[in-house]
Amino acid sequence: MAVSPRRSGVPPSASGRTRHDPLLGAAHVALAAFWGLTATLRRRRPRPGGDRTQTLEIAERRVVARDQDVVALTLVNPQRGELPPWFPGAHIDVHLPSGRVRQYSLNGDPRVRDAYRIAVRRIPTGGGGSTEVHDALVVGSTVTTSGPRNAFPLSVPGFGSPARRFRFLAGGIGITPILPMLHEAERLGVDWSMVYTGRSRDSLPFLDDVLAFGDRVEIRTDDEAGLPTADDLLGACPDGTSVYACGPAAMLTAVRSRLAGRRHVELHFERFAAPPVVDGQPFSACIASTGDVVDVGADETLLAALRRSRVAVPYSCQQGFCGTCRTGVLGGEVDHRDTLLTDPERAAGAMLVCVSRSTERITLDL
Ligand code: FES
């Protein structure tokens, strides 16, 4: 693989921060204004992942957890050209042969410009995406991808972040966005430490890669030490720490609760799956093409209710950032809870049904 002589550079933004950076805020306002001015020039229903859709070839496939359940795939341009650049925390959308779209973090080296690497844990009881990756994506096969995009960017101290050190927390397959961050922190000379958790050492992907960082990393598995508490995960966590966490919901909830009120500690996190509904109220959605009405419970997402009622809606991230579940709204007020749609897009009647909801009856263009 070709490695750029330049280091990967400084990540461009810091969404997901718990504190606001004034410069980034100004940039966000400018970008939002530009986006609004150009809205009519863009397609109303862009393909998820933007325009950088490309067909990539599986060049290498490697089992990266001792329990055999995690496979790492290296994807290259079949013409062996350079691929779009990315920064730690980025992911690509993988459009599987079945039509499923799934997001996978890029976990290789951003300086390698002619290959991406993703890793996927087989989840037999999941929605079928991971099983399809394991069974269908063999060396030499091709797959359509889009992106990269970054919903979990690393904000580097001195370059958009007032933090002075990193604390990385990874649970199992949550190591995938974190791994490039460790290398970036090393390259930049930023002080950092990490706790890597999971059921057992055999279940931890890339364990040898992580162990190579030595004393900075604590491996803490449930079978040896029990479930970690927030204090186990965060350690001393002095003011000036930026915490980056990716793992199961219980881990993220514990860390978020523990850091509540810590104004001088930044928390950035990425989930595996849909976040729980907070402050939801029951509402209903009318399907315009059939007249059917779907009732949505207070603690249920609209996407879950539609799927329960066998109304077909594409989806992927279930967290309001990929845009796959974008749906037109013909009537009713929407409580937008996503992080993707612009105000003009919302005003034009778009909603992301995986996270956004309502308090009344809405009519969907389905
Ligand atoms: S499924 Fe990704 S935004 Fe809804």
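Residue numbers run consecutively from 1 along every chain, following the written order of its sequence. For a predicted model such as this one, the threshold for reporting local features is a pLDDT of at least 70, and the threshold for listing and counting side-chain atom pairs is 80 or more; totals across whole chains, interfaces and linings nevertheless cover every residue. The basis for every side-chain value is the complete set of heavy atoms in the structure, and neither hydrogens nor water enter the calculation.

An unreviewed UniProt entry lists the protein under the name PDR/VanB family oxidoreductase, from Mycolicibacterium arenosum.

**Q** Honestly, unusual backbone geometry in this entry has me stumped. Any pointers?
**A** The amide bond that connects Gly147 to the next residue, Pro148, takes the cis arrangement and shows omega of 10°. Assignment of secondary structure puts Pro148 in strand β6 (residues 142-150). For Phe206, which is not glycine, the phi torsion reads 55° and is therefore positive. Each helix is a run of DSSP H or I of at least 4 residues and each strand a run of E of at least 2, with the numbering of both proceeding from the N terminus. Assignment of secondary structure puts Phe206 in the loop between β10 (191-198) and α4 (207-211). Phi at Cys237 is positive, roughly 45°, even though this residue is not glycine. With respect to the helices and strands, Cys237 occurs in the loop between α6 (230-234) and β12 (241-247). Exposure categories follow from relative accessible area, calculated using a 1.4 Å probe and restricted to protein chains: below 20% of the type maximum is buried, above 50% is exposed, and the middle band is partly exposed. Among the residues examined, Cys237 registers a relative accessible area of 5% and is labelled buried.

**Q** Help me understand helix α3 (residues 175-188), please; the structure alone is not making it clear to me.
**A** Note: α-helices contain 3.6 residues per turn, so residues at a spacing of three or four share the same orientation. For α3, built from 14 residues, the straight-helix expectation of 20 Å at 1.5 Å per residue is met to within 8% by its first-to-last C-alpha distance of 20 Å. The buried fraction of α3 amounts to 10 of the 14 residues, a majority that puts the element mostly inside the structure. Residues of α3 that are buried include every one of Ile175, Thr176, Pro177, Ile178, Leu179, Pro180, Met181, Leu182, Glu184 and Ala185, and no others. Of the residues flanking the end of α3, it is Gly189, one or two places downstream, whose phi is positive at about 75°. Helix span is expected to be 1.5 Å times the residue number reduced by one.

**Q** Help me understand the sheet that holds strand β2 (residues 70-76) in this model?
**A** Strands belonging to one sheet form pairs held by backbone hydrogen bonds; the direction of such a pair is parallel or antiparallel. If you trace the 6 strands from one edge of the open sheet to the other, you get β4-β3-β6-β1-β2-β5, paired in antiparallel fashion. Each of the sheet's edge strands pairs with one partner strand only, and the pair in question is β4 (101-105) and β5 (116-121). Across this sheet, the average inter-strand angle for adjacent strands is 40°, counted without regard to direction. Residues are treated as being in contact if the distance between any of their heavy atoms lies within 4.5 Å. Orientation is described by axes fitted as lines to C-alpha atoms, over the contacting stretch for helices, and by angles from 0 to 180 degrees between their N-to-C directions. Of the strands in this sheet, β1 (54-63), β2, β4 and β5 are in contact with helix α2 (residues 129-136), which crosses β5 at around 120°. DSSP calls a pair of strands paired once it identifies at least 2 bridges connecting them.

**Q** What should I look at first to understand the packing of aromatic side chains in this one?
**A** The description of an aromatic ring pair uses the distance of the two centres, along with the angle that the planes make with each other. Between 30 and 60 degrees the pair is tilted, below 30 it is stacked and above 60 it is edge-to-face, where a pair is any two Phe, Tyr or Trp rings, Trp via its six-membered ring, whose centres lie within 6.5 Å. Scanning the model with the defined rule gives 6 aromatic pairs in all. Here Phe166 and Tyr244 contribute two aromatic rings whose centre-to-centre distance is 5.7 Å and whose plane-to-plane angle is 85°, an arrangement assigned as edge-to-face. Of this pair, Phe166 sits in strand β9 (residues 165-171) while Tyr244 is found in strand β12, placing the two residues 78 residues apart along the sequence. A residue is classified by how much of its surface remains accessible, and Phe166, at 1% relative accessible area, is buried. Classification of Tyr244 by relative accessible area gives buried; the value is 0%. An aromatic cluster is present here, built from Phe152, Phe166, Phe168, Trp192, Phe213 and Tyr244 joined pairwise through their rings.

**Q** What is the right way to look at the sheet that holds strand β14 (residues 283-287) in this model?
**A** With mixed pairing, 5 strands are arranged side by side in an open sheet as β15-β14-β18-β16-β17. Each end of this open sheet is capped by a strand with a single partner; those strands are β15 (293-296) and β17 (350-352). Shown here is a sheet whose adjacent strand axes are inclined to one another by a mean of 40°, direction ignored. The pairing of strand β16 (residues 326-331) with strand β18 (residues 361-364) spans 2 bridges and is antiparallel. Looking at β18, one finds that Gly331 is bridged to Thr363.

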